[in-house]
Amino acid sequence: MIKKIGVLTSGGDAPGMNTAVRAVVRTAISKGMEVYGIRRGYVGLINGDIFQMDARSVSDIIHRGGTMLYTARCPEFRTEEGLDKAKAKCEELGLEGIVVIGGDGSFRGAADLSARGILCVGLPGTIDNDIACTEYTIGYDTAMNTAMELVDKLRDTSQSHDRCTVVEVMGRNAGYIAVNTGIACGSIEVITKEVPYDLDALAKKMLEAKKNGKQNFIVVVAEGIGNSNEIAKIIEEKTHIETRATILGHVQRGGSPTVRDRVAATQFAHYAVGLLEQGIGNRVVGMQKGEIVDFDIQEALAMKKPYDIELHKIAEEIGF
Ligand code: ADP
Ligand code: F6P
(Lines give C-alpha, C1' and ligand atoms only; values in the text may rest on other atoms or scores of the structure.)
(Ligands and ions follow the chains in the order given, each with its own letter.)
Protein backbone atom coordinates (compact mmCIF):
# COMPACT_ATOMS: atom_id res chain seq x y z
CA MET A 1 0.00 0.00 0.00
CA ILE A 2 1.25 3.41 -1.02
CA LYS A 3 0.87 5.94 1.78
CA LYS A 4 2.48 9.15 0.55
CA ILE A 5 1.93 10.71 -2.84
CA GLY A 6 2.59 14.00 -4.61
CA VAL A 7 0.67 15.90 -7.26
CA LEU A 8 1.96 18.36 -9.86
CA THR A 9 0.79 20.21 -12.95
CA SER A 10 3.20 20.51 -15.89
CA GLY A 11 3.36 21.96 -19.40
CA GLY A 12 0.65 24.39 -20.57
CA ASP A 13 -2.08 25.07 -18.02
CA ALA A 14 -5.67 24.07 -18.78
CA PRO A 15 -9.01 24.89 -17.15
CA GLY A 16 -9.93 21.99 -14.89
CA MET A 17 -6.40 21.36 -13.63
CA ASN A 18 -7.44 22.83 -10.27
CA THR A 19 -10.45 20.54 -10.19
CA ALA A 20 -8.11 17.60 -10.79
CA VAL A 21 -5.72 18.71 -8.03
CA ARG A 22 -8.65 19.01 -5.65
CA ALA A 23 -9.88 15.53 -6.51
CA VAL A 24 -6.40 14.01 -6.13
CA VAL A 25 -6.03 15.58 -2.69
CA ARG A 26 -9.49 14.68 -1.44
CA THR A 27 -9.33 11.11 -2.83
CA ALA A 28 -5.91 10.52 -1.31
CA ILE A 29 -7.02 11.82 2.09
CA SER A 30 -10.20 9.75 1.98
CA LYS A 31 -8.03 6.68 1.37
CA GLY A 32 -5.85 7.51 4.38
CA MET A 33 -2.86 8.68 2.32
CA GLU A 34 -0.69 11.73 2.84
CA VAL A 35 -0.61 14.05 -0.15
CA TYR A 36 1.94 16.70 -1.14
CA GLY A 37 1.61 19.54 -3.63
CA ILE A 38 4.61 20.09 -5.89
CA ARG A 39 4.86 23.61 -7.29
CA ARG A 40 5.75 24.42 -10.91
CA GLY A 41 5.84 20.88 -12.20
CA TYR A 42 9.18 19.12 -12.38
CA VAL A 43 10.97 22.35 -11.37
CA GLY A 44 9.46 22.07 -7.89
CA LEU A 45 10.20 18.37 -7.73
CA ILE A 46 13.89 18.98 -8.38
CA ASN A 47 14.12 22.02 -6.09
CA GLY A 48 11.97 20.61 -3.30
CA ASP A 49 9.21 23.23 -3.60
CA ILE A 50 6.81 20.77 -2.02
CA PHE A 51 4.21 21.16 0.75
CA GLN A 52 1.78 18.92 2.53
CA MET A 53 -1.85 19.42 1.55
CA ASP A 54 -4.99 18.84 3.56
CA ALA A 55 -8.65 18.93 2.63
CA ARG A 56 -8.78 22.71 3.08
CA SER A 57 -5.72 23.32 0.87
CA VAL A 58 -8.01 22.74 -2.09
CA SER A 59 -11.04 24.71 -0.90
CA ASP A 60 -12.51 27.19 -3.39
CA ILE A 61 -10.46 26.10 -6.38
CA ILE A 62 -12.86 23.72 -8.13
CA HIS A 63 -14.19 26.51 -10.34
CA ARG A 64 -11.00 28.43 -10.98
CA GLY A 65 -8.98 28.39 -14.19
CA GLY A 66 -5.18 28.10 -14.12
CA THR A 67 -3.48 25.91 -11.56
CA MET A 68 -2.94 26.67 -7.88
CA LEU A 69 0.21 24.53 -8.09
CA TYR A 70 1.56 26.71 -10.90
CA THR A 71 3.11 25.06 -13.92
CA ALA A 72 6.39 25.23 -15.75
CA ARG A 73 8.53 23.69 -18.41
CA CYS A 74 11.68 22.13 -16.98
CA PRO A 75 14.54 21.38 -19.39
CA GLU A 76 16.65 19.97 -16.52
CA PHE A 77 14.16 17.15 -16.05
CA ARG A 78 15.13 15.80 -19.46
CA THR A 79 18.65 15.11 -18.19
CA GLU A 80 19.91 12.15 -16.13
CA GLU A 81 21.12 14.58 -13.48
CA GLY A 82 17.70 16.24 -13.22
CA LEU A 83 15.93 12.91 -12.96
CA ASP A 84 18.36 11.73 -10.28
CA LYS A 85 17.78 14.92 -8.27
CA ALA A 86 14.01 14.44 -8.52
CA LYS A 87 14.27 10.82 -7.42
CA ALA A 88 16.50 11.81 -4.47
CA LYS A 89 13.96 14.48 -3.44
CA CYS A 90 11.13 11.91 -3.53
CA GLU A 91 13.17 9.52 -1.41
CA GLU A 92 14.09 12.26 1.06
CA LEU A 93 10.38 13.10 1.54
CA GLY A 94 9.18 9.51 1.32
CA LEU A 95 7.03 10.22 -1.76
CA GLU A 96 6.24 6.88 -3.31
CA GLY A 97 3.98 8.02 -6.11
CA ILE A 98 3.13 11.14 -8.11
CA VAL A 99 0.09 12.20 -10.09
CA VAL A 100 1.35 14.19 -13.08
CA ILE A 101 -1.28 16.40 -14.72
CA GLY A 102 -0.11 17.53 -18.16
CA GLY A 103 0.44 16.49 -21.76
CA ASP A 104 2.65 14.07 -23.67
CA GLY A 105 5.89 15.84 -22.72
CA SER A 106 5.02 15.62 -19.03
CA PHE A 107 4.18 11.92 -19.48
CA ARG A 108 7.62 11.28 -21.00
CA GLY A 109 9.10 12.71 -17.82
CA ALA A 110 6.69 10.60 -15.75
CA ALA A 111 7.84 7.45 -17.57
CA ASP A 112 11.50 8.30 -16.88
CA LEU A 113 10.78 8.84 -13.19
CA SER A 114 8.72 5.65 -13.00
CA ALA A 115 11.70 3.77 -14.45
CA ARG A 116 13.68 5.07 -11.43
CA GLY A 117 11.21 3.51 -9.03
CA ILE A 118 8.91 6.46 -8.29
CA LEU A 119 5.41 5.43 -9.37
CA CYS A 120 3.90 8.04 -11.64
CA VAL A 121 0.40 8.22 -13.08
CA GLY A 122 -0.38 10.78 -15.78
CA LEU A 123 -3.67 12.66 -16.15
CA PRO A 124 -4.38 14.20 -19.55
CA GLY A 125 -4.47 17.98 -19.10
CA THR A 126 -4.31 20.15 -22.22
CA ILE A 127 -6.78 22.28 -24.11
CA ASP A 128 -5.56 20.79 -27.40
CA ASN A 129 -7.10 17.31 -26.86
CA ASP A 130 -4.03 15.94 -28.63
CA ILE A 131 -3.27 13.00 -26.35
CA ALA A 132 -3.77 9.83 -28.34
CA CYS A 133 -4.78 7.36 -25.64
CA THR A 134 -7.79 9.37 -24.54
CA GLU A 135 -10.78 10.76 -26.35
CA TYR A 136 -10.89 13.64 -23.87
CA THR A 137 -8.39 15.90 -22.13
CA ILE A 138 -8.97 18.27 -19.22
CA GLY A 139 -9.51 21.82 -20.49
CA TYR A 140 -10.67 20.98 -23.99
CA ASP A 141 -14.36 21.70 -23.48
CA THR A 142 -13.77 24.99 -21.69
CA ALA A 143 -11.34 26.15 -24.38
CA MET A 144 -13.81 25.31 -27.13
CA ASN A 145 -16.62 27.13 -25.35
CA THR A 146 -14.37 30.17 -24.88
CA ALA A 147 -13.43 30.08 -28.57
CA MET A 148 -17.08 29.76 -29.53
CA GLU A 149 -18.13 32.74 -27.41
CA LEU A 150 -15.35 34.87 -28.86
CA VAL A 151 -16.11 33.92 -32.45
CA ASP A 152 -19.78 34.76 -31.80
CA LYS A 153 -18.62 38.24 -30.80
CA LEU A 154 -16.49 38.51 -33.92
CA ARG A 155 -19.53 37.51 -35.95
CA ASP A 156 -21.38 40.61 -34.67
CA THR A 157 -18.77 42.98 -36.03
CA SER A 158 -18.28 40.90 -39.16
CA GLN A 159 -22.02 41.10 -39.81
CA SER A 160 -22.14 44.85 -39.25
CA HIS A 161 -19.34 45.52 -41.76
CA ASP A 162 -20.14 42.81 -44.33
CA ARG A 163 -16.68 41.40 -43.67
CA CYS A 164 -14.88 38.13 -43.60
CA THR A 165 -13.29 37.23 -40.27
CA VAL A 166 -10.36 34.85 -40.24
CA VAL A 167 -10.02 33.60 -36.69
CA GLU A 168 -7.12 31.55 -35.41
CA VAL A 169 -7.79 29.19 -32.54
CA MET A 170 -5.22 27.29 -30.46
CA GLY A 171 -3.97 23.79 -31.19
CA ARG A 172 -0.23 23.53 -31.64
CA ASN A 173 -0.36 20.40 -33.76
CA ALA A 174 -4.03 19.55 -33.71
CA GLY A 175 -7.16 20.84 -35.40
CA TYR A 176 -9.67 19.54 -32.84
CA ILE A 177 -10.49 22.94 -31.33
CA ALA A 178 -10.68 24.44 -34.84
CA VAL A 179 -13.07 21.94 -36.36
CA ASN A 180 -15.44 22.03 -33.40
CA THR A 181 -15.36 25.83 -33.22
CA GLY A 182 -16.02 26.00 -36.95
CA ILE A 183 -19.05 23.74 -36.65
CA ALA A 184 -20.33 25.56 -33.56
CA CYS A 185 -19.95 29.00 -35.12
CA GLY A 186 -21.14 28.26 -38.64
CA SER A 187 -17.87 29.01 -40.40
CA ILE A 188 -17.70 28.84 -44.17
CA GLU A 189 -14.37 27.02 -43.88
CA VAL A 190 -12.15 25.30 -41.34
CA ILE A 191 -8.44 25.17 -42.10
CA THR A 192 -6.39 22.61 -40.19
CA LYS A 193 -3.13 20.76 -40.77
CA GLU A 194 -4.93 17.45 -41.01
CA VAL A 195 -6.81 18.23 -44.24
CA PRO A 196 -5.31 19.88 -47.35
CA TYR A 197 -6.81 23.28 -48.08
CA ASP A 198 -7.18 25.39 -51.21
CA LEU A 199 -7.61 29.16 -50.91
CA ASP A 200 -8.64 29.49 -54.59
CA ALA A 201 -11.50 27.06 -53.97
CA LEU A 202 -12.41 28.92 -50.78
CA ALA A 203 -12.49 32.28 -52.59
CA LYS A 204 -14.72 30.76 -55.28
CA LYS A 205 -17.05 29.33 -52.65
CA MET A 206 -17.24 32.70 -50.88
CA LEU A 207 -18.02 34.58 -54.08
CA GLU A 208 -20.75 32.08 -55.01
CA ALA A 209 -22.22 32.40 -51.54
CA LYS A 210 -22.07 36.18 -51.82
CA LYS A 211 -23.98 36.00 -55.11
CA ASN A 212 -26.49 33.91 -53.22
CA GLY A 213 -26.96 36.66 -50.61
CA LYS A 214 -24.36 35.76 -47.97
CA GLN A 215 -22.95 38.97 -46.53
CA ASN A 216 -20.38 37.94 -43.94
CA PHE A 217 -18.01 35.04 -43.49
CA ILE A 218 -16.10 33.24 -40.78
CA VAL A 219 -13.01 31.18 -41.56
CA VAL A 220 -11.56 29.24 -38.63
CA VAL A 221 -7.84 28.47 -38.82
CA ALA A 222 -5.96 26.12 -36.50
CA GLU A 223 -2.86 27.59 -34.87
CA GLY A 224 -0.72 24.83 -36.39
CA ILE A 225 -1.28 26.34 -39.87
CA GLY A 226 0.47 29.40 -38.54
CA ASN A 227 -0.25 32.27 -40.95
CA SER A 228 -3.77 33.62 -40.41
CA ASN A 229 -2.77 37.19 -41.30
CA GLU A 230 -1.44 35.99 -44.62
CA ILE A 231 -4.54 33.86 -45.22
CA ALA A 232 -6.74 36.90 -44.55
CA LYS A 233 -4.72 38.96 -47.02
CA ILE A 234 -5.01 36.31 -49.73
CA ILE A 235 -8.76 35.93 -49.17
CA GLU A 236 -9.23 39.69 -49.47
CA GLU A 237 -7.12 39.83 -52.64
CA LYS A 238 -8.99 36.96 -54.26
CA THR A 239 -12.52 37.96 -53.25
CA HIS A 240 -12.34 41.75 -52.73
CA ILE A 241 -14.31 41.09 -49.56
CA GLU A 242 -12.87 43.11 -46.68
CA THR A 243 -11.17 40.63 -44.37
CA ARG A 244 -9.69 40.86 -40.87
CA ALA A 245 -7.65 38.30 -38.97
CA THR A 246 -7.95 37.74 -35.22
CA ILE A 247 -5.70 35.42 -33.24
CA LEU A 248 -7.54 34.36 -30.09
CA GLY A 249 -4.41 33.17 -28.27
CA HIS A 250 -4.00 32.42 -24.59
CA VAL A 251 -7.44 33.72 -23.60
CA GLN A 252 -8.55 30.21 -24.61
CA ARG A 253 -6.47 28.73 -21.79
CA GLY A 254 -8.19 30.67 -19.02
CA GLY A 255 -11.53 30.80 -17.32
CA SER A 256 -13.74 28.72 -15.12
CA PRO A 257 -13.91 25.07 -16.25
CA THR A 258 -17.14 23.75 -17.73
CA VAL A 259 -19.15 20.89 -16.21
CA ARG A 260 -17.55 18.49 -18.68
CA ASP A 261 -14.03 19.50 -17.62
CA ARG A 262 -14.82 19.40 -13.91
CA VAL A 263 -16.42 15.97 -14.08
CA ALA A 264 -13.72 14.45 -16.32
CA ALA A 265 -10.95 15.96 -14.17
CA THR A 266 -12.53 14.50 -11.05
CA GLN A 267 -13.02 11.05 -12.61
CA PHE A 268 -9.44 10.92 -13.94
CA ALA A 269 -8.00 12.06 -10.61
CA HIS A 270 -10.03 9.61 -8.54
CA TYR A 271 -8.98 6.74 -10.80
CA ALA A 272 -5.30 7.78 -10.75
CA VAL A 273 -5.11 7.79 -6.95
CA GLY A 274 -6.80 4.36 -6.98
CA LEU A 275 -3.96 3.05 -9.19
CA LEU A 276 -1.27 4.50 -6.93
CA GLU A 277 -2.99 3.09 -3.87
CA GLN A 278 -2.55 -0.37 -5.42
CA GLY A 279 1.13 0.33 -6.11
CA ILE A 280 0.56 0.69 -9.86
CA GLY A 281 2.63 3.30 -11.69
CA ASN A 282 3.95 4.17 -15.16
CA ARG A 283 0.34 4.56 -16.35
CA VAL A 284 -1.66 7.25 -18.11
CA VAL A 285 -5.35 7.60 -17.33
CA GLY A 286 -7.70 8.30 -20.20
CA MET A 287 -11.25 8.06 -21.45
CA GLN A 288 -12.44 5.59 -24.08
CA LYS A 289 -16.11 5.50 -25.09
CA GLY A 290 -16.87 7.46 -21.94
CA GLU A 291 -15.17 4.90 -19.64
CA ILE A 292 -12.11 5.74 -17.56
CA VAL A 293 -9.20 3.48 -18.53
CA ASP A 294 -5.42 3.38 -18.13
CA PHE A 295 -2.44 2.55 -20.32
CA ASP A 296 1.26 1.92 -19.97
CA ILE A 297 2.89 5.33 -20.57
CA GLN A 298 5.13 4.16 -23.43
CA GLU A 299 2.21 2.43 -25.13
CA ALA A 300 0.09 5.55 -24.71
CA LEU A 301 2.82 7.74 -26.21
CA ALA A 302 3.10 5.45 -29.24
CA MET A 303 -0.62 5.67 -30.05
CA LYS A 304 -1.97 7.82 -32.88
CA LYS A 305 -5.18 9.80 -32.56
CA PRO A 306 -7.42 10.02 -35.58
CA TYR A 307 -8.69 13.43 -36.67
CA ASP A 308 -12.46 13.65 -37.09
CA ILE A 309 -12.56 13.85 -40.88
CA GLU A 310 -16.33 13.34 -40.90
CA LEU A 311 -16.83 16.42 -38.73
CA HIS A 312 -14.50 18.38 -40.99
CA LYS A 313 -16.49 17.23 -44.04
CA ILE A 314 -19.75 18.35 -42.44
CA ALA A 315 -18.26 21.78 -41.81
CA GLU A 316 -17.22 21.97 -45.49
CA GLU A 317 -20.51 20.64 -46.79
CA ILE A 318 -22.78 23.06 -44.99
CA GLY A 319 -20.51 26.11 -44.99
CA PHE A 320 -21.83 28.12 -47.94
P1 ADP B 1 3.13 18.98 -22.20
O2 ADP B 1 3.22 18.12 -21.00
O3 ADP B 1 1.95 19.89 -22.17
O4 ADP B 1 3.27 18.20 -23.50
P5 ADP B 1 5.87 19.95 -22.52
O6 ADP B 1 6.14 19.20 -23.78
O7 ADP B 1 6.34 21.36 -22.44
O8 ADP B 1 4.32 20.02 -22.14
O9 ADP B 1 6.54 19.11 -21.35
C10 ADP B 1 6.43 19.53 -20.01
C11 ADP B 1 7.68 19.13 -19.27
O12 ADP B 1 7.80 17.70 -19.28
C13 ADP B 1 8.99 19.59 -19.88
O14 ADP B 1 9.31 20.92 -19.54
C15 ADP B 1 9.97 18.62 -19.26
O16 ADP B 1 10.25 18.96 -17.93
C17 ADP B 1 9.17 17.34 -19.26
N18 ADP B 1 9.51 16.58 -20.46
C19 ADP B 1 9.11 16.80 -21.72
N20 ADP B 1 9.64 15.90 -22.57
C21 ADP B 1 10.43 15.10 -21.82
C22 ADP B 1 11.27 13.98 -22.12
N23 ADP B 1 11.43 13.53 -23.35
N24 ADP B 1 11.91 13.40 -21.09
C25 ADP B 1 11.77 13.86 -19.82
N26 ADP B 1 10.99 14.92 -19.48
C27 ADP B 1 10.34 15.53 -20.47
O1 F6P C 1 -0.76 22.91 -25.62
C2 F6P C 1 -1.61 23.95 -25.27
C3 F6P C 1 -1.20 25.21 -25.98
O4 F6P C 1 -2.03 26.27 -25.57
C5 F6P C 1 -1.20 25.11 -27.50
O6 F6P C 1 -2.49 25.22 -28.05
C7 F6P C 1 -0.27 26.24 -27.86
O8 F6P C 1 0.36 26.00 -29.10
C9 F6P C 1 0.74 26.21 -26.76
O10 F6P C 1 0.13 25.57 -25.66
C11 F6P C 1 1.22 27.57 -26.33
O12 F6P C 1 2.18 27.40 -25.36
P13 F6P C 1 2.84 28.59 -24.50
O14 F6P C 1 2.17 28.57 -23.18
O15 F6P C 1 4.26 28.19 -24.41
O16 F6P C 1 2.62 29.85 -25.24
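Residues numbered from 1 in each chain as written. Chains lettered and ligands numbered in written order. Predicted model: local features only at pLDDT ≥ 70, side-chain atom pairs only at ≥ 80, totals over all residues. Heavy atoms only, no water.

A. Structural view of the sheet that holds strand 2 (residues 34–38). The strand order across the open sheet built from seven strands is 3-2-1-4-5-10-11, with neighbouring strands paired in mixed fashion. Each edge of the sheet is formed by a strand with only one pairing partner; in this case those strands are strand 3 (50–53) and strand 11 (291–296). Sheet twist, expressed as the mean angle between neighbouring strand axes with direction ignored, is 30°. In this sheet, strand 5 (residues 119–124) lies alongside strand 4 (residues 97–102) in parallel orientation, the contact comprising six bridges. Its bridge partner being in strand 5, Ile-98 is matched across the sheet by Cys-120. (Pairing = 2+ DSSP bridges. Helix = DSSP H or I, 4+ residues; strand = E, 2+ residues; numbered from the N terminus. Axes fitted to C-alpha atoms, helices over the stretch in contact; angles between N-to-C directions.)

B. Looking closely at the side chain of Asp-261. Topologically, Asp-261 is positioned in helix 9 (residues 259–277). Here Asp-261 is in contact with Pro-15, Tyr-136, Thr-137, Ile-138, Gly-139, Tyr-140, Asp-141 and Thr-142, once residues within four sequence places are set aside. (Contact = heavy atoms within 4.5 Å.)

C. Main features of unusual backbone geometry. Of note in this structure, Tyr-70 is not a glycine but carries a positive phi near 60°. Of note, the phi angle at His-240 is positive, near 60°, even though the residue is not glycine. By the secondary structure assignment, His-240 is in the loop between helix 8 (228–239) and strand 9 (243–247). On the accessibility criterion, His-240 (69% relative accessible area) is exposed. (Buried < 20%, exposed > 50% of the residue type's maximum accessible area, 1.4 Å probe, protein only.)

D. Inspection of the site of ligand 1 at higher detail. Close to ligand 1 lie 15 residues, the nearest being Arg-73, Cys-74, Gly-103, Gly-105 and Ser-106. Gly-103 places a polar main-chain atom, nitrogen or oxygen, 2.9 Å from an oxygen atom of ligand 1. Look at ligand 1: alone it shows 560 Å² of surface, and the protein chains cover 83% of it. A per-element tally of the shell around ligand 1 places helix 4 (residues 104–115) first, with six residues. Across the shell around ligand 1, the residue classes break down as three nonpolar, seven polar and five charged. (Near = heavy atom within 4 Å. Polar contact = N/O pair within 3.5 Å; in protein donor to acceptor, adjacent residues only side chain to side chain. Areas by Shrake-Rupley, 256 points an atom, 1.4 Å probe, with all protein chains shown as cover. Nonpolar A, V, L, I, M, F, W, Y, C, P; charged D, E, K, R; others polar.)

E. Fine view of the pairing of strand 8 (residues 217–222). For strand 8, a buried count of six out of six residues is recorded, marking the element as mostly surrounded by other parts of the structure. Taking every second residue as pointing to the same face, both faces of strand 8 are buried, with Phe-217, Val-219 and Val-221 on one and Ile-218, Val-220 and Ala-222 on the other. One ladder, built from six bridges, connects strand 6 (residues 164–169) with strand 8; its direction is parallel. Bridged to Cys-164 within strand 8 is Phe-217. Here strand 7 (residues 189–191) runs beside strand 8; their pairing, made up of three bridges, is parallel. Residue pairing in the sheet places Val-190 in a bridge with Val-220 of strand 8. Where the polypeptide runs from strand 7 across helix 7 (residues 199–211) and back to strand 8, its parallel neighbour, the crossover connection is right-handed. (Right-handed = clockwise from strand over helix to strand, strands pointing away.)

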